[in-house]
Amino acid sequence: MSSPATTLTLTDHALASELISVRDCLRWATSEFLAHRLHFGHGTDSAWDESVALVLGALHLPWDADPAVLDARLLGVERERIVGLARQRIETRRPLPYLLGEAFFAGYPFEVDERVLIPRSPIAELIEAGFAPWFEATPPARVLDLCTGSGCIGIATALTLPTCAVDLADISPDALAVAKANIVRHDVGRRVRAVASDLFEGVAGQTYDLIVSNPPYVDSRDLAAMPAEYRHEPDLALGAGSDGLDIVRRILREARGYLSDDGILVVEVGNSQRHLEAAFPEVPFLWLDFERGGEGVFVLDAETLDAHAAQFAAS
């Protein structure tokens, strides 16, 4: 769901007439983003990368387009579309994926809007690797994507591992509507379903080989200090109490009842890693490293969940 076009001023129309090529647009947008001190973190981490994403997205070109396109002359309507999107990005501080109506995750495009968090989890690297080394011999037969949002983690898993069945669970009807649209977009409806569920309540009686979750985990201090761009994302998908662990504690208490004996639990807690380690100092969380950056993702197997069940229950 892309945003409506911005009404350009006479100055913007004049500007657009001077931006002849893709290269011109990239240079101009980068300068504007730096001048207005935008925050980046929804798929890009610099003004240049944000400009590339905006211009290529506005022109419906792939991210790996031939560099020869840089010197292509643009139509007037294309230049005005780019200027309009850049103005929206600056004036509203809306994250670019919301303006474009699309975000890429694990190499796949997903529909996004303000009903869901913008996909950016480092769990994408695990998906691309088929969740190795835990499932190198046999892929997981059944997967649960808990707190699914747009459905990106579960759907990307289904696309990467074509023999698995995936449940996408979320408490938000709005998020589930987006997830269902992405199921249709990727034509995985035979193996992927969206389930209305307050954590595990909607999947009672089910057992999974892999439970993966990017739940709300932002603590109250970090939530209050977030840049304006993040305030466009749903509060339900971000905040989780004073230490960011309200949802994670429930997952740790309940996950074993839905995990196979050889299964694993993968959960992202981001900056709340320090709170989790302080809350459960005796639990041997396996914290993962990522080549493309990101932190705060742990893995626990069924045996470890059993061994520390009493601690989780008491939390």
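A short tour of the structure in this document, coming up. What you see is a predicted model; the values in this text were computed from it and never measured. (Residues numbered from 1 in each chain as written. Predicted model: local features only at pLDDT ≥ 70, side-chain atom pairs only at ≥ 80, totals over all residues. Heavy atoms only, no water.)

Examining the packing of aromatic side chains
Under the definition given, this model contains five aromatic pairs. Seen from their ring centres, F200 and Y258 are 4.5 Å apart, and the 10° between their planes marks the pair as stacked. On the criterion of sequence distance, the pair formed by F200 in the loop between β5 (192-196) and β6 (208-213) and Y258 in the loop between α10 (246-254) and β7 (259-268) is long-range, its members being 58 residues apart. Residue Y258 is classed as buried on the basis of its relative accessible area of 17%. Plain terms: the ring middles of F280 and F312 are 5.2 Å apart, the flat faces sit at 70° to each other, and that makes the pair edge-to-face. In this pair, F280 is assigned in the loop between α11 (273-279) and β8 (286-287) and F312 in helix α13 (residues 309-314), connecting sequence segments 32 residues apart. You can call F280 buried: its relative accessible area is 3%. Of the residues examined, F312 reaches a relative accessible area of 2% and is grouped as buried. Among the aromatic residues, ring-to-ring pairing joins F285, W287 and F298 into one connected group. (Phe/Tyr/Trp six-rings, centres within 6.5 Å; stacked < 30°, edge-to-face > 60°. Helix = DSSP H or I, 4+ residues; strand = E, 2+ residues; numbered from the N terminus. Buried < 20%, exposed > 50% of the residue type's maximum accessible area, 1.4 Å probe, protein only.)

Topic: the sheet that holds β8
Overall, mixed pairing links the seven strands, which are arranged β5-β4-β3-β6-β7-β9-β8 in an open sheet. Each end of this open sheet is capped by a strand with a single partner; those strands are β5 and β8. Relative to β6, strand β3 (residues 142-146) is paired through four bridges, and the arrangement is parallel. By the bridge assignment, D145 is partnered in β6 with V212. Strand contacts of helix α7 (residues 152-160): β3, β4 (165-170), β5 and β6, with the helix running at about 175° to β4, the strand carrying the most contacts. (Pairing = 2+ DSSP bridges. Contact = heavy atoms within 4.5 Å. Axes fitted to C-alpha atoms, helices over the stretch in contact; angles between N-to-C directions.)

Notes on the pairing of β6
Where burial is concerned, most of β6 is hidden: five out of the six residues are buried. As judged from the five bridges shared by β6 and β7, these two strands associate in the parallel manner. Following the sheet pairing, L210 is matched in β7 by I264.

Considerations on the pattern of salt bridges
Tallying each qualifying case throughout the model produces 19 salt bridges. The partner of R94 in a salt bridge is E114, with the nearest N and O atoms 2.8 Å apart. Residue R94 is located in the loop between α4 (76-92) and α5 (96-100), and its partner E114 is located in the loop between β2 (108-111) and α6 (123-128); the two are separated by 20 residues in the primary sequence. Among the residues examined, R94 registers a relative accessible area of 14% and is labelled buried. On the accessibility criterion, E114 (29% relative accessible area) is partly exposed. Salt-bridge contacts for D198 lead to R250; the nearest nitrogen and oxygen are separated by 3.1 Å. Remark: R250 occurs in helix α10 and D198 occurs in the loop between β5 and β6; sequence separation between them is 52 residues. (Salt bridge = Lys/Arg side-chain N within 4 Å of Asp/Glu carboxyl O.)

Some thoughts on helix α3 (residues 47-58)
Under the 1.5 Å per step criterion, the end-to-end length of α3 is 16 Å for twelve residues, consistent within 8% with the ideal 16 Å. Within α3 the residues assigned to the buried category are A47, E50, S51, L54, V55, L56 and A58. Its buried side turned inward, α3 meets α2 (22-35), α4 and α5. Once α3 finishes, H60 follows within two positions and takes phi at roughly 60°, a positive value. (Expected span 1.5 Å × (residues − 1).)

Describing the side chain of H308
For H308, the location among the structural elements is in the loop between α12 (302-307) and α13. The residues touching H308, leaving out its near neighbours within four places in the chain, are E282, V283 and P284.

Considerations on α2
Counted at 1.5 Å a residue, the expected span for α2 with its 14 residues is 20 Å, and the 20 Å between its end C-alpha atoms agrees. The positive-phi residue at the C-terminal boundary of α2 is R37, with phi of around 55°.

Some points on the environment of E136
Relative to the helices and strands, E136 resides in the loop between α6 and β3. Its relative accessible area of 62% is what places E136 among the exposed residues. On a C-alpha basis, the gap between E136 and R87 in space is 47 Å, while along the polypeptide they are 49 residues apart.

Thoughts on the pairing of β2
In this structure, strand β1 (residues 102-105) lies alongside β2, joined through four bridges in antiparallel fashion. Within β2, the residue paired with E102 across the bridge is E111. If you look at the hairpin formed by β1 and β2, you'll find two residues sitting between the two strands, and A106 has a positive phi there, around 55°.

Focus: the packing of α2 against α3
α3 packs onto α2 with a crossing angle of 130° between their chain directions and a minimal axis gap of 8 Å. Looking at the two axes, α2 sits oblique to α3. Handedness of the crossing formed by α2 with α3: right-handed. Residues V22, C25, L26, A29, T30, F33 and L34 of α2 form the contact with α3, whose participating residues are A47, W48, E50, S51, V52, L54 and V55. Tallied by class, residues from the contact of α2 with α3 come to eleven nonpolar, two polar and one charged. (Parallel < 35°, antiparallel > 145°, perpendicular 65-115°, else oblique. Left-handed = near helix turned anticlockwise from the far one by under 90°. Nonpolar A, V, L, I, M, F, W, Y, C, P; charged D, E, K, R; others polar.)

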